[in-house]
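Coordinates in review
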Amino acid sequence: MADKVNVITIAGSLRKGSFNAALARQLPKWAPEGMNITEAPAWADIPTYNADDQASSGFPASVTRLADAIRAADGVIIVSPEYNYGVPGGLKNAVDWVSRAKDQPFKDKPVAIQSVAGGPLGGGRVQYQWRQICVFLEALAFLRPEVFVGMAASKFDEKTLEFKDEAGINFIKQQLVGFEKFIRKVSGRA
Amino acid sequence: MANVLTICGSLRKKSYNAALVRALPALAPEGMTLTAAPRVDTIPHYNHDDQEATGFPPSVTAFADAIRAADGVIIVSPEYNWTIPGTLKNAIDWVSRMKEQPFKDKPVALQSCSGALLGGSRMQYHLRQCLTSIDALIFGRPEVIVTFAPQKFDAETLELKDQATRDMIKLQLAAFAKFIERVRVT
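Notes on the structure in this doc start here. (Residues numbered from 1 in each chain as written. Chains lettered and ligands numbered in written order. Predicted model: local features only at pLDDT ≥ 70, side-chain atom pairs only at ≥ 80, totals over all residues.)

**Side note on the overall build of chain B**
When its secondary structure is counted, chain B shows 6 helices and 6 strands. Listing the helices and strands of chain B from first to last along the sequence gives β-α-β-α-α-β-α-β-α-β-β-α. Relative to the globule expectation of 16 Å for 186 residues, the C-alpha radius of gyration of chain B, 16 Å, shows essentially globular dimensions. In terms of principal-axis extent, the alpha carbons of chain B reach across some 50 × 40 × 25 Å. Taking all contacts inside chain B whose residues are at least 6 apart in sequence as the whole, residues at least 24 apart take part in 79%. (Helix = DSSP H or I, 4+ residues; strand = E, 2+ residues; numbered from the N terminus. Rg over C-alpha atoms; globule rule 2.2 N^0.38 Å. Contact = placed C-beta atoms within 7 Å.)

**Thoughts on unusual backbone geometry**
Generally, phi is negative for residues other than glycine and the peptide bonds are trans, each holding for most cases. Residues and elements named next belong to chain A. A cis amide bond, omega 0°, links arginine 144 with the succeeding residue proline 145. The topology assignment puts proline 145 in the loop between strand E5 (140–141) and strand E6 (147–149). The phi angle at aspartate 103 is positive, at roughly 55°, despite the residue not being glycine. In this fold, aspartate 103 is placed in the loop between helix H4 (89–98) and strand E4 (110–116). For aspartate 103, a count of 7 C-beta atoms within 10 Å puts it in the exposed group. (Buried ≥ 20, exposed ≤ 12 C-beta atoms within 10 Å, placed from the backbone.)

**Examining the environment of B:Pro58**
Note that B:Pro58 resides in helix H3 (residues 58–69). Each C-alpha atom, one on B:Pro58 and one on B:Ser114, is 31 Å from the other, the two residues being 56 residues apart in sequence.

**A closer look at the environment of B:Thr61**
Residue and element names in this part refer to chain B. As for its placement among the helices and strands, threonine 61 is situated in helix H3. Overall, the presence of 15 C-beta atoms within 10 Å leaves threonine 61 in the partly exposed class. Residues threonine 61 and phenylalanine 153 lie 92 residues apart in sequence; the distance between their C-alpha atoms is 34 Å.

**Structural notes on helix H1 (residues 16–27) of chain B**
All names here are of chain B. Relative to the 16 Å expected for 12 residues at 1.5 Å per residue, H1 spans 16 Å between its end C-alpha atoms, a close match to the ideal helical length. Taken as a whole, H1 has its buried residues at Tyr16, Asn17, Ala18, Ala19, Leu20, Val21, Leu24 and Leu27. Contact partners of the buried residues in H1: strand E1 (2–8), strand E2 (32–36), strand E3 (72–76), strand E4 (107–113), strand E6 (144–146) and helix H6 (163–183). (Expected span 1.5 Å × (residues − 1).)

Okay, here's the thing in structure tokens:
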């Protein structure tokens, strides 16, 4: 396939040993032939959103970098932990900034969601908060298959953080295949 | 007597939500005092590695101490992208990790303002979901959802002028005072 779709991953956790970040890093292994997957610029240094700061000094470079990467991508995969039954505040703050940019980067952007959690639900609650946010952003949220990785500690290699769960890998592969088709369909590409 | 802490989800100076916070003392029942929580914009993004390496930042500790010291908390927040502002959620994410978690068994009431017709209600229902995870005692009704905010605050002074809104807030604060008394551990 000549024109691959370019997808970026945004991980919602900052810690080095994060299962969510580990999953995001490994997605290229399972991508279909027609999809390139790379990591989005880091959001760790994006300041707290304050409309007064935006009015006085504009968008920080860290925000512009992330916004540009989202605009340039054909699709975005958010891989997010669940904090207190909801969206991690740090990443939400990055989205709050980006959402104020002109030529709002998430508008009409295909977005798929994955989550990893230590408990049995695998981040089910956080994904439905992300979907609500996507409605506001006018992002095109990909539907099914959903990827929830529950009981994370038993599914990643303790040392290397390699994701080893065969059933989970199959779901991810199916999601990525579906997401590629979705991107091509909504962007009018063959 | 109830000492209530107010937490504001917006940082900008002309915020309607911050103006709502300022309107509360005049609408509070006798015996309820309102104090503003330390600002949350100095709290860094939550990173478990940082917590392990250097513990809780002073900004987080100050925020948590203020919550612990209060008899109740009122969160007054805008809705960003149909949910909780990231900065406010990040502050909650930090304190939720503490031993002697400050929101546990803490009475919490919610208020929101927005420029449009839903008044931040989607944010409030996500906040209820998140507060469930940290064992807060979430106050039910009446809800304070201020719609079409520019019509209800003075354009210059940002004073809350709308009588129906003021009445609703009085009802909520009076009921919240009773709720605090009822659930207070003595």
